[in-house]
Amino acid sequence: MSEFWVISSPERSKPPVEWTEQVKLESVICVVDPDHQRAGRRVGDLTVRTQQKVLPDFIWTWMSECLIQDHVLSILRQNAITGYSTRPVTVVDKQGTKAAKMWELVVTGWGGLASAASGVHLNVSESCTVCGHLVYYAPTDAARLFDETQWDGSDVFMIWPLPKYIVVTRRVADLIKANSWSGLALKPLDQLKISSETLSPGRLSHYFPEPRARVIGEPLGID
């Protein structure tokens, strides 16, 4: 059995929630290349709207934010799962009435940079040192993606430049199976398939809390 797994949105599933107009993104403008204008990190906590009365245990937004029900968070805490923090999510129905108590799962565990043996490397010609735009070639060999020597040992972690793929240990995978949690796909890390040829993940501070992004990302030039 695999020791490391990826949790993600179920394939071809429509998110049961959508951002409300209150959710805002920073704007990044490049003074050198206008094609690099893009959205930056989200400002503030999430507010989402749903038309469903019953929501799954895990929910994924169009922007790949991972939301979890309150009872899921309780079980993660009871089992002392490491490598994440949470942010409150306001869930409202179509009338604007609060509909559920949920949390955004924020990954804080670090699995290091993807191994070069996997095929991942920076596309220097498409990246930009002025505005910080980063473009990488996607992995061609997922079995060689994870370099455990860079891992901080967390149960929940990311491997750069794949921050939207949440990697978990076997301990977390066993919890998911034991509780039959809904709303997610669970796949062995070495079987990960990425359809895109390139990755544009933004900066580490778009995902990690800013102080941690600075400590880890600044020496690597990805903060």
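Structural data are supplied above this passage.
What counts, and at which threshold
- Residues numbered from 1 in each chain as written.
- Predicted model: local features only at pLDDT ≥ 70, side-chain atom pairs only at ≥ 80, totals over all residues.
- Heavy atoms only, no water.
- Helix = DSSP H or I, 4+ residues; strand = E, 2+ residues; numbered from the N terminus.
- Buried < 20%, exposed > 50% of the residue type's maximum accessible area, 1.4 Å probe, protein only.
- Arc of directions from axis to C-beta.
- Contact = heavy atoms within 4.5 Å.
- Pairing = 2+ DSSP bridges.
- Axes fitted to C-alpha atoms, helices over the stretch in contact; angles between N-to-C directions.
- 1 Å grid on protein atoms, 1.4 Å probe; cavity = no way out; pocket = protein on both sides within 12 Å on 5 of 7 lines; lining within 4 Å.
- Points joined across faces, edges and corners; volume = space filled by probe spheres on them.
- Nonpolar A, V, L, I, M, F, W, Y, C, P; charged D, E, K, R; others polar.
- Phe/Tyr/Trp six-rings, centres within 6.5 Å; stacked < 30°, edge-to-face > 60°.

Caption draft 1: Representation of the environment of Gly-96 within the structure. Mapped onto the elements of the fold, Gly-96 is located in the loop between β8 (84-92) and β9 (98-107). Overall, the relative accessible area of 48% leaves Gly-96 in the partly exposed class. Linking Gly-96 and Thr-20, residues 76 residues apart in sequence, is a C-alpha distance of 9.9 Å.

Caption draft 2: Highlighting helix α3 (residues 210-217). Inspection of α3 places Ala-213, Ile-216 and Gly-217 among the buried residues, and these make up the whole buried set. One side of α3 holds all its buried residues, which, seen down the axis, span an arc of 80°. Opposite its buried face, α3 presents the exposed residues Pro-211 and Val-215, each directed more than 90 degrees away. Packed against the buried residues of α3 are β10 (110-113).

Caption draft 3: Local environment of the side chain of Thr-47. Take Thr-47: it is sitting in strand β5 (residues 47-50). Residue Thr-47 is classed as buried on the basis of its relative accessible area of 14%. Not counting the four nearest positions on each side in its chain, Thr-47 is found in contact with Glu-18, Trp-19, Thr-20, Gln-22, Val-23 and Thr-90.

Caption draft 4: Spotlight on unusual backbone geometry. Cis geometry marks the peptide bond from Trp-160 to Pro-161; its omega dihedral reads 15°. Unusually for a residue other than glycine, Ala-80 sits at a positive phi of about 55°. Inspection of the secondary structure assignment puts Ala-80 in the loop between α1 (70-78) and β8. A positive phi angle, close to 50°, is found at Ser-180, a residue other than glycine. By secondary structure assignment, the location of Ser-180 is in the loop between α2 (170-179) and β15 (185-188).

Caption draft 5: Seen up close, the sheet that holds β15. Spatial strand order, β10-β13-β14-β1-β15: five strands in an open sheet with mixed pairing. In this open sheet, the two edge strands, each paired with only one partner strand, are β10 and β15. Put simply, the sheet's adjacent strands are angled 35° from each other on average, direction ignored. Pairing of strand β1 (residues 4-8) with strand β14 (residues 162-169) involves four bridges; the strand directions are antiparallel. For Ile-7, the partnering residue across the bridge sits in β14 and is Ile-166.

Caption draft 6: View of empty space enclosed by the protein. In the structure shown here, the tally under the stated rule is one cavity of 30 Å³ or more. The space that makes up the largest cavity amounts to roughly 70 Å³. Taken together, Ile-7, Phe-58, Ile-68, Leu-76, Ile-81, Tyr-84, Leu-105, Val-156, Val-168, Val-172 and Ile-176 make up the full set of residues lining the largest cavity. Its residues placed into classes, the lining of the largest cavity shows 11 nonpolar, no polar and no charged.

Caption draft 7: Quick look at the packing of aromatic side chains. Using the criterion set out here, one finds nine aromatic pairs in the structure. Their ring planes at 65° and their centres at 6.0 Å tell us that Trp-110 and Phe-208 sit as a pair that is edge-to-face. Here the residue Trp-110 occupies a position in strand β10, and Phe-208 occupies one in the loop between β16 (198-199) and α3, the gap between them amounting to 98 residues. With respect to class, Trp-110 is no different from Phe-208; both count as buried. Three or more aromatic residues link up through ring pairs in this structure, and these residues are Phe-4, Phe-146, Trp-151 and Phe-157.

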